[in-house]
Amino acid sequence: MGVVAWLKSLFILQLLIGFVFVVSGLIINFTQLCTCVLWPINKQLYRKINTRLSYSLWSQLVMLLEWWSGTECTLYTDQATVDKFGKEHVIIILNHNYEIDFLCGWTMCERYGVLGSSKVLAKHELLKVPLIGWTWYFLEIVFCKRKWEEDRDTVFSGLNRLRDYPEYMWFLLYCEGTRFTEKKHEISMQVAESKGLPKLKYHLLPRTKGFTTTLQCLKGTVKAVYDVTLNFKDKQNPTLLGIVNGKKYKADMSIRRFPVEEIPDDEKECADWLHKLYQEKDALQEHYEKEGCFPGPTIKPKRRVWTLLNFLFWATLLLSPLINFAWDVFVSGSPLLIIGFMIFLIVASVAVRRLIGVTEVVSF
C-alpha cells in the first residue's frame, strides 16, 4: 500500500470529509430555506439559486468519486450524441445494479454542467432524511409513496411544475424501482412469466408507470430519452465505502439517445417500448459479460476541477475552526471537555455511516 492509499484509508481523514459534507450541507439547507421568500416574487431566480446551492453539496460526493478514489468513466456512444449533452432537457433511464450507480450518473451530470439541475423520482421516506431529502425538497424533486392511487395527483402536479424549468435538466429514472438482487430478480421474473413478458437476465422487470407518466407530463419540454447501461471492469462490485476508502473503479456506460418523437404517445405502446428497451439493455449486458466491454466507439470525458475547488473551499472554511477547537480542548486538559469532544466524534461517525447507509434505499 502506497503512502497516498494509506492516507485515504485513515478513519480520521474520512471523518473530516464527512464533517465537511454534513456541516456544509446544513448551511446549504438553511440558505435554501431562506430563498423560499423568492418563490412568490421570482420563481425562476429561486430555481437558479437553488440549482447552484445543490451543486455545491452534490459536487462534494462527485469529488470523492473523481478525485479521492480516481474512478474512471468511459462512455460508449457516438460524438453526435455527446455533442447534445447538457444542451437539452432529457430523461435518463439507468440500470440499478450497483451501490454507486447514482454517483456515476452524477459525475456525467457534472461534466456536462447539469448536476445542480438533475432530477429524480424519489421515495417519499427520503424527504425526512437530512441533507439529501431536504436539498431535494428545495429542488422541487417529486416524492412518491409508490402507491399510484395516492401518488397520482402529487406526481402529475410535481412533473407539470417542471415544464418551465430554466436550467437544462437530466431527469433520472430507475425503472426497475429497486436495486438488483438475486432474490428480487427471481420474484421479478415470476411476475414477467405470469404476464407473458420476456424474461431478463441482468435486470428486473421495469415498472412502466413512472416512465410513461414522466414522459407524458414533460413532453414538449424533454427532447430525448437517454438509455444508459452501466457496468464495471473486471466484474468489480463497487461500494460507497470503497469510494470513501479511496478505491479506484473503472466504470463503463453505454449511452443511446432516442428522440421523444420516436417514442409512442399511447400509454400501452409506450410501456411496450420500455419493455423492448430493457430487452436491448439485457443484450448489451450479455455482450459486456462476454467481451468485457460494450459495443461501439468510446469517449472519455475529462473530469472538471470545479468539484475539487468547491470541496477545498468548504474544507478551508469549516476545518480551520474545528482543528483550533480540538487543539484548545486537548490543551485545556479538562477530562470533561475531552470526553465530550470524543463523544462528538463518535456521534459524527455514526451519522456519516447512516448517511452512507441511505444509499441502500435510494431507488427511484
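Residues numbered from 1 in each chain as written. Predicted model: local features only at pLDDT ≥ 70, side-chain atom pairs only at ≥ 80, totals over all residues. Heavy atoms only, no water.

### Here we look at the UniProt feature "transmembrane region" (unreviewed entry) in the protein chain
Note the cut-off: UniProt positions are given in the numbering used here, feature names are shortened, and annotations may be inferred rather than shown by experiment. Helix numbers and strand numbers start at the N terminus; a helix is a DSSP run of H or I with at least 4 residues, a strand a run of E with at least 2.
With numbering matched to this structure, UniProt assigns "transmembrane region" (unreviewed entry) to residues 12-39, 308-327 and 333-352. Taken end to end, residues 12-39 comprises 82% helix and 0% strand; its first and last C-alpha atoms sit 41 Å apart. Across residues 308-327, helical content stands at 100% and strand content at 0%; the span's end C-alpha atoms are separated by 27 Å.

### Digging into the sheet that holds strand 5 (residues 170-173)
Rules: Pairs of strands are assigned from DSSP output, requiring at least two bridges between the strands. We call two residues contacting when some pair of their heavy atoms lies within 4.5 Å. An axis is simply a line fitted to the C-alpha atoms; with a helix, the fit covers only the stretch in contact. Between two such axes, the angle follows the N-to-C directions and lies from 0 to 180 degrees.
Taken in spatial order, the 8 strands of this open sheet run 4-3-5-2-6-7-1-8, and their pairing is mixed. Each edge of the open sheet carries a strand with a single partner, namely strand 4 (142-144) and strand 8 (298-299). Here strand 2 (residues 90-94) runs beside strand 5; their pairing, made up of 4 bridges, is parallel. For Ile 91, the partnering residue across the bridge sits in strand 5 and is Phe 171. Packed onto the sheet, helix 9 (residues 208-218) meets strand 2, strand 3 (119-123), strand 5 and strand 6 (224-232) and runs at close to 160° relative to strand 5. Where helix 11 (residues 267-291) meets the sheet, its contacts fall on strand 2, strand 6 and strand 7 (250-259), and the angle it forms with strand 6 comes to roughly 30°.

### What to know about a nonpolar patch on the surface
Rules: Like-charged residues are merged into a patch within 9 Å and nonpolar side chains (Val, Leu, Ile, Met, Phe, Trp, Tyr) within 5 Å, provided each residue has over 30% relative accessible area and no salt bridge. Here the accessible surface of atoms and residues is derived via Shrake-Rupley with a 1.4 Å probe, and residues count as covered only by protein chains that are part of the display. Every case where a carboxyl oxygen of Asp or Glu lies within 4 Å of a side-chain nitrogen of Lys or Arg is listed as a salt bridge. Think of it in three bands: with a 1.4 Å probe and only protein chains considered, a residue is buried below 20% of the maximum accessible area for its type, exposed above 50%, and partly exposed in between.
Nonpolar side chains collect at one region of the surface, where Val 305, Trp 306, Leu 309 and Leu 312 lie side by side and expose about 380 Å² of accessible area between them. Mapped onto the secondary structure, Leu 312 falls in helix 12 (residues 306-332). Accessibility expressed as a relative area gives 43% for Leu 312, which makes it partly exposed.

### As for the side chain of Asn 50
Selection rule: Think of a polar contact as two N or O atoms within 3.5 Å of one another; within protein, one of them needs to be a possible hydrogen donor and the other a possible acceptor, and neighboring residues in sequence only count if both atoms come from side chains.
Structurally, Asn 50 can be placed in helix 3 (residues 43-68). Side-chain polar atoms of Asn 50 contact the side chain of Gln 32, separated by 3.2 Å. Excluding its chain neighbours within four sequence positions, the residues that come into contact with Asn 50 are Gln 32, Thr 35, Phe 138 and Leu 139.

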